[in-house]
Amino acid sequence: MAAKFAANKWNFAVAPLCPLSSVLRMGRVSEGDDVLARWSDGLLYLGNVKRVDGAKQCCLVRFEDNSEFWVLRKDIHSCEEYKLLSRYHPECHTPTIELESDSDSWICRQCVFAVSTKRGGALKRGRFAQLMQFMKLRLPYQLSSLDWDPQHLTNQQQCYCYCAGPGEWNLKMLQCASCGQWFHEACTQCLTKPLLYGDRFYQFQCSVCTKGAETIQRLPMNWVDLAHLVLYHLSLCCKRKYFDFDHEILSFTNENWESLLLGVLSDTPNQDRSHNLLNALNSHKDRFVSGKEIKKKKCLFGLLVRAPPPLTSDSTPLITDPPTNITHKRW
């Protein structure tokens, strides 16, 4: 997805259609149409519809990097919706539009999110950031209507975050400690550093639950957690299982040391990091596999099960069902 053009970088001049009208227009989406598709990272990307499956309510979309994926209808917007001068019904928007509001200065929720969201976290300052914070006080859907799996990681509706878009919990998302919903990194305004894939070492509360600004606190990590997190992130980025300790694992850790927000570990001198990481990798056979155990170079390490590192509050040591890969789900 890195090569896809992020539509949130566009400057939208007008509001899209009312959600009710948008639903009606979705029936007109056909092969060959240019669309904006919301991805699992919370951002909108430009694509072209190649096939329409009315029964499953999804479309096969080809993106600008020539990749093709099935996208739910609810996460597809016709580009025409962002070109036409249209209005919302006051009662259809979340939050509800005040009738006395100046219509010339009002901006809809979809445009605010499209402009404000970005990798690493949404805008924190400026007019759009303030509008986004206000609109995040209410979700545009009923949280109680979602059907969750037993571990509360995915729901059947593929509806997450403030934006109601799709998501994959292991790909840069935060779970609210109060309501349990998952939120995209791109839609949050509280992060000081970008997330790594599978990083759940945060105590996070969404704006809906706090009735104001989001709150976030970094949870403590040990050397085993750090080694696990780095290996998991590298395995998704590079699509490989085994990594060289010096040239990849240690190198990545040192290059991103400040961004990892390691708390008490952050004061570890550079010369001691190698020993601590290597000791963690070699002494925890329940998590890691070394090269010498699989007749490869002993400097290579990989995860026994490719899953994010567990939190101490987890009832099981590892989530045994492999999470969705960095590629999108196919229907």
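Rules of the game
Residues numbered from 1 in each chain as written. Predicted model: local features only at pLDDT ≥ 70, side-chain atom pairs only at ≥ 80, totals over all residues. Heavy atoms only, no water. UniProt positions renumbered as here; feature names shortened; annotations may be inferred. Helix = DSSP H or I, 4+ residues; strand = E, 2+ residues; numbered from the N terminus. Buried < 20%, exposed > 50% of the residue type's maximum accessible area, 1.4 Å probe, protein only. Contact = heavy atoms within 4.5 Å. Areas by Shrake-Rupley, 256 points an atom, 1.4 Å probe, with all protein chains shown as cover. Pairing = 2+ DSSP bridges. Axes fitted to C-alpha atoms, helices over the stretch in contact; angles between N-to-C directions. Parallel < 35°, antiparallel > 145°, perpendicular 65-115°, else oblique. Nonpolar A, V, L, I, M, F, W, Y, C, P; charged D, E, K, R; others polar. Phe/Tyr/Trp six-rings, centres within 6.5 Å; stacked < 30°, edge-to-face > 60°. Lys NZ or Arg CZ within 6 Å of the ring centre and 35° of its normal.

- For the protein chain, an unreviewed UniProt entry supplies the name PHD finger protein 1 and the organism Takifugu rubripes.
- UniProt, in the comment section headed Subcellular location (unreviewed entry), describes the protein chain in these words: "Nucleus".

1. With respect to the overall build of the protein chain
Reasoning step 1: If you tally the helices and strands in the protein chain, you get 7 helices and 12 strands.
Reasoning step 2: The 331 residues of the protein chain split such that 50% are buried.
Reasoning step 3: Partitioning the contacts of the protein chain with sequence separation of at least 6, the portion at a separation of at least 24 is 58%.
Reasoning step 4: Of the roughly 16,300 Å² that the protein chain leaves accessible, carbon and sulfur atoms contribute 52%.

2. Comments concerning the sheet that holds strand β3 (residues 58-63)
Reasoning step 1: Taken in spatial order, the 5 strands line up as β4-β3-β2-β1-β5 in an open sheet, and their pairing is antiparallel. Strand pairing shows two members of the sheet lacking a second neighbour, β4 (68-72) and β5 (76-78), which therefore form its edges. Across the sheet, the axes of successive neighbouring strands diverge by a mean angle of 45°, strand direction being ignored.
Reasoning step 2: Here β3 pairs with β4 via 5 bridges, running antiparallel. When the bridges of β4 are listed, Arg62 appears paired with Glu68.

3. Brief notes about the pairing of β3
Reasoning step 1: With 5 of 6 residues buried, β3 lies mostly within the body of the structure.
Reasoning step 2: In the sheet, strand β2 (residues 44-53) pairs with β3 via 6 bridges, with the strands oriented antiparallel. When the sheet's bridge partners are listed, Arg51 is paired in β3 with Leu60.
Reasoning step 3: Hairpin connection from β3 to β4: 4 residues lie between these consecutive antiparallel strands, with Asn66 at a positive phi of about 70°.

4. Quick notes on the packing of helix α5 (residues 223-238) against helix α6 (residues 245-255)
A pair of packed helices is captured by two measures, namely the crossing angle of their axes and the spacing between those axes.
Reasoning step 1: The contact between α5 and α6 brings their axes to 10 Å, and the two run at 105°. With respect to α6, the axis of α5 lies roughly perpendicular. Of the residues in α6, those in contact with Leu226, Val230, Leu231, His233 and Leu234 of α5 are Glu248, Ile249, Phe252 and Thr253.
Reasoning step 2: Looking at the contact of α5 with α6 residue by residue, the class counts come to 6 nonpolar, 2 polar and 1 charged.

5. Observations regarding the packing of aromatic side chains
Geometry of an aromatic ring pair is reported as the spacing of the ring centres plus the angle between the planes.
Reasoning step 1: Enumeration over the complete set of coordinates arrives at 8 aromatic pairs.
Reasoning step 2: Between the aromatic rings of Trp169 and Trp182, the centroid separation amounts to 5.9 Å while the plane-to-plane angle is 55°, which identifies the pairing as tilted. Placement of the pair is Trp169 in the loop between α3 (127-135) and β6 (173-175) and Trp182 in strand β7 (residues 182-184), with a sequence separation of 13 residues. Trp182 carries the same exposure label as Trp169, and that label is buried.
Reasoning step 3: By way of ring pairs, the aromatic residues Trp39, Phe63 and Phe69 are connected into one cluster.
Reasoning step 4: Arg273 extends its terminal NZ or CZ atom over the ring of Trp257, reaching a point 3.8 Å from the ring centre.

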